[in-house]
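One-letter residues, chain by chain:
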Amino acid sequence: MSKQVVIPAGTSKPLAPYVPATKADNIVYVSGTLAFDENNDVVYVGDAAGQTRHILETIKRVIETAGGTMDDVTFNSIFVRDWADYAAVNTVYAEYFPNDKPARYCVQVGLVKPDALVEIASVAHVG
């Protein structure tokens, strides 16, 4: 099995001991992604749709760096702080997956920073 770390240009240093993604053979495992700026501060505070869009753009960059596209995403794990944000997350999510939808789950959890409303982790099969 070939294994490589995937770090897009301009990625900030993670808050903990992990990398943005790992590619093993043709599978890309994208770490849980939050709406952080280059200083690891939460962006779009109070705006679940804005945070979701930021997260999915970040995931898109990671997958493209690994040689894939969003069409290669096969599974997403979605974490929301409050079920009240579920509809906003789904509206933006549907824009990024307009055709065949990936499998997924969504759970309500506490997130690493109080202003974070959404976190998404992905799996993609590229190549």
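First, a word on what this report is: a plain description of the structure on this page. Being a predicted model, the structure only gives us computed values, none of them experimental.

1. Describing the nonpolar core
Residues L56, I59, I63 and M70 are the most contacted members of the largest nonpolar core, which totals 28 residues. Counting only elements with at least two residues in this core, the list comes to β3 (27-33), α1 (48-65), β4 (73-80), α2 (86-96) and β6 (118-125). Broken down by element, the residue count for this core peaks at six residues, all from α1. Setting aside its immediate chain neighbours within four residues, I59 contacts V30, T33, M70, I120 and S122. Grouped together as the second largest cluster of nonpolar side chains are six residues, L34, F36, L111 and A116 included.

2. Focus on the packing of aromatic side chains
According to the stated counting rule, one finds four aromatic pairs in the structure shown. When the ring of W83 is compared with that of Y86, the centres are 5.5 Å apart and the planes differ by 75°; the resulting orientation is edge-to-face. With relative accessibility at 33%, the residue Y86 sits in the partly exposed group. The rings of F75, F79 and Y105 are connected pair by pair, giving a single aromatic cluster. For R104, the ring lying beneath its charged end belongs to Y93, and the centroid distance is 4.7 Å. The aromatic ring of F36 is capped on one face by K113, whose charged end is 5.2 Å from the ring centroid.

3. What to know about the pairing of strand β2 (residues 21-24)
Note: strand β1 (residues 3-6) against β2, four bridges, orientation antiparallel. The residue of β2 that forms the bridge with V5 is T22. Judged from the four bridges that link them, β2 and β3 form a sheet pairing that is antiparallel. Across the sheet, the residue bridging to K23 is V28, located in β3. The antiparallel pairing of β2 with β3 creates a hairpin that spans two residues between the two strands, and D25 there sits at a positive phi of about 55°.

4. Side note on empty space enclosed by the protein
Per the stated rule, a full pass over the model turns up one cavity of 30 Å³ or more. There is about 50 Å³ of room inside the largest cavity. Taken together, M70, D71, V73, Y96, F97, P98, N99, D100 and P102 make up the full set of residues lining the largest cavity. Residues that form the lining of the largest cavity fall into these classes: six nonpolar, one polar and two charged.

5. Some remarks on the environment of G68
Structurally, G68 can be placed in the loop between α1 and β4. Separated by 42 residues in the primary sequence, G68 and G110 place their C-alpha atoms 31 Å from one another. The residues touching G68, leaving out its near neighbours within four places in the chain, are I63 and V126.

Conventions used here
- Residues numbered from 1 in each chain as written.
- Predicted model: local features only at pLDDT ≥ 70, side-chain atom pairs only at ≥ 80, totals over all residues.
- Heavy atoms only, no water.
- Core = buried A, V, L, I, M, F, W, Y, C linked by side-chain atoms within 4.5 Å.
- Buried < 20%, exposed > 50% of the residue type's maximum accessible area, 1.4 Å probe, protein only.
- Helix = DSSP H or I, 4+ residues; strand = E, 2+ residues; numbered from the N terminus.
- Contact = heavy atoms within 4.5 Å.
- Phe/Tyr/Trp six-rings, centres within 6.5 Å; stacked < 30°, edge-to-face > 60°.
- Lys NZ or Arg CZ within 6 Å of the ring centre and 35° of its normal.
- Pairing = 2+ DSSP bridges.
- 1 Å grid on protein atoms, 1.4 Å probe; cavity = no way out; pocket = protein on both sides within 12 Å on 5 of 7 lines; lining within 4 Å.
- Points joined across faces, edges and corners; volume = space filled by probe spheres on them.
- Nonpolar A, V, L, I, M, F, W, Y, C, P; charged D, E, K, R; others polar.

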